[in-house]
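An overview of the molecular structure
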Amino acid sequence: GENVEQHPSTLSVQEGDSAVIKCTYSDSASNYFPWYKQELGKGPQLIIDIRSNVGEKKDQRIAVTLNKTAKHFSLHITETQPEDSAVYFCAASSQGAQKLVFGQGTRLTINP
Amino acid sequence: GAVVSQHPSRVICKSGTSVKIECRSLDFQATTMFWYRQFPKQSLMLMATSNEGSKATYEQGVEKDKFLINHASLTLSTLTVTSAHPEDSSFYICSARLRGTGNTEAFFGQGTRLTVV
């Protein structure tokens, strides 16, 4: 089955700098890769996703890149703000697979 | 995005009693809902996949007689923790995927913090 590895587990960044979180997946059939932000005591919130027919997607300060050959995808947050502090999870699923497989999570801290 | 509502957000129950958690998709039909469990500082652990009108599919190691799942309609799934014990204390989260062909987005409820005393 699918296995998703996420790095780093913790990331501390100065406000205004960029943050990058990376994930690798094992199943070449996976074709959907969402990213979630989870604040303390709340459920995960979908922030951006990408499908395997594109290599990059951007939404304001957030972007995701996908390298199908290498089987890895990354989340990029630019001009970080204190409210970006949270735990971020990547996930993957394949066509026909109902469930998402999650990475281990990255605790992002933005230092003012 | 679509809204998934989970209730209650917090519940405290006595050991040996049962607790029901509801998960509703408010503005879309969810053929499939998922139930997760999350321990502090850990990732989401899938417990079971719930399909409307059929029996849930449980992940390995999850006791189906302890965690009863009912998905009676396209907008409601319930998780009942039966004979709860302190080790069942955790954060339970439901998720629903948009109905449709292909890979669709999954949206999560707010989570339920269960404390068994």
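Each remark here, short or long, concerns the structure printed above.
Residues numbered from 1 in each chain as written. Chains lettered and ligands numbered in written order. Predicted model: local features only at pLDDT ≥ 70, side-chain atom pairs only at ≥ 80, totals over all residues. Heavy atoms only, no water.

Brief notes about the environment of Ala 96 of chain B
Residues and elements named next belong to chain B. Tracing the backbone through its elements, the reader meets Ala 96 in strand 9 (residues 90-97). A relative accessible area of 0% places Ala 96 in the buried class. For the pair Ala 96 and Val 62, spaced 34 residues apart in sequence, the C-alpha separation works out to 20 Å. If sequence neighbours within four positions are ignored, Ala 96 has contacts with Val 4, Phe 28, Ala 30, Thr 32, Met 33, Glu 105, Ala 106 and Phe 107. (Helix = DSSP H or I, 4+ residues; strand = E, 2+ residues; numbered from the N terminus. Buried < 20%, exposed > 50% of the residue type's maximum accessible area, 1.4 Å probe, protein only. Contact = heavy atoms within 4.5 Å.)

Some thoughts on the side chain of Ser 30 of chain A
Residue and element names in this part refer to chain A. In this structure, Ser 30 sits in strand 4 (residues 30-38). What makes Ser 30 buried here is its relative accessible area of 4%. A polar contact of 2.4 Å, which involves the side chain of Ser 30, links it to the side chain of Glu 2. (Polar contact = N/O pair within 3.5 Å; in protein donor to acceptor, adjacent residues only side chain to side chain.)

Examining the sheet that holds strand 3 (residues 19-25) of chain A
Residues and elements named next belong to chain A. One open sheet holds the five strands; their spatial order is 1-3-8-7-6, and the pairing between them is antiparallel. Only two strands of the sheet have a single neighbouring strand rather than two, namely strand 1 (4-7) and strand 6 (56-59). Ignoring strand direction, the axes of neighbouring strands in this sheet form an average angle of 15°. For strand 6 and strand 7 (residues 62-67), the ladder comprises four bridges, and the chain directions are antiparallel. Bridge assignment links Glu 56 to a residue of strand 7, and that residue is Thr 65. (Pairing = 2+ DSSP bridges. Axes fitted to C-alpha atoms, helices over the stretch in contact; angles between N-to-C directions.)

Some thoughts on the layout of surface pockets
Roughly 440 Å³ of internal volume is contained in the largest pocket. The wall of the largest pocket is formed by 22 residues, among which Val 87 and Arg 107 of chain A together with Gln 38, Lys 41 and Gln 42 of chain B lie closest to the centre. Those elements giving two or more residues to the lining of the largest pocket turn out to be strand 9 (86-94) and strand 11 (106-111) of chain A. Sort the elements by how many residues they give to the lining of the largest pocket and strand 9 of chain A lands first, with three residues. Among the residues forming the lining of the largest pocket, the class breakdown is seven nonpolar, 10 polar and five charged. Of the pockets and cavities examined, the second largest pocket occupies roughly 370 Å³. Forming the walls of the second largest pocket are 21 residues, and the residues nearest its centre are Glu 2, Lys 99, Leu 100, Val 101 and Phe 102 of chain A. Elements that contribute at least two residues to the lining of the second largest pocket include exactly strand 9 and strand 10 (101-102) of chain A. (1 Å grid on protein atoms, 1.4 Å probe; cavity = no way out; pocket = protein on both sides within 12 Å on 5 of 7 lines; lining within 4 Å. Points joined across faces, edges and corners; volume = space filled by probe spheres on them. Nonpolar A, V, L, I, M, F, W, Y, C, P; charged D, E, K, R; others polar.)

Some points on the interface of chain A and chain B
Between chain A and chain B, the contact holds 23 residues from the first and 24 residues from the second. Roughly 1,700 Å² of surface becomes buried between chain A and chain B when both sides are summed, with 50% attributable to carbon and sulfur atoms. Considering only the side of chain A, the residues that lose the most area to chain B are Gln 98, Lys 99 and Phe 102 of chain A, jointly responsible for 30% of the buried surface there. Remark: the boundary between chain A and chain B carries one salt bridge. Residue Lys 99 of chain A pairs with Glu 59 of chain B through a salt bridge whose shortest N-O separation is 3.1 Å. Taken together, the links from chain A to chain B amount to five residue pairs in polar contact (both at pLDDT 80 or more). (Buried area = accessible area lost by both parts, 1.4 Å probe. Salt bridge = Lys/Arg side-chain N within 4 Å of Asp/Glu carboxyl O.)

Without other data, these values stay purely geometric and don't point to any function.
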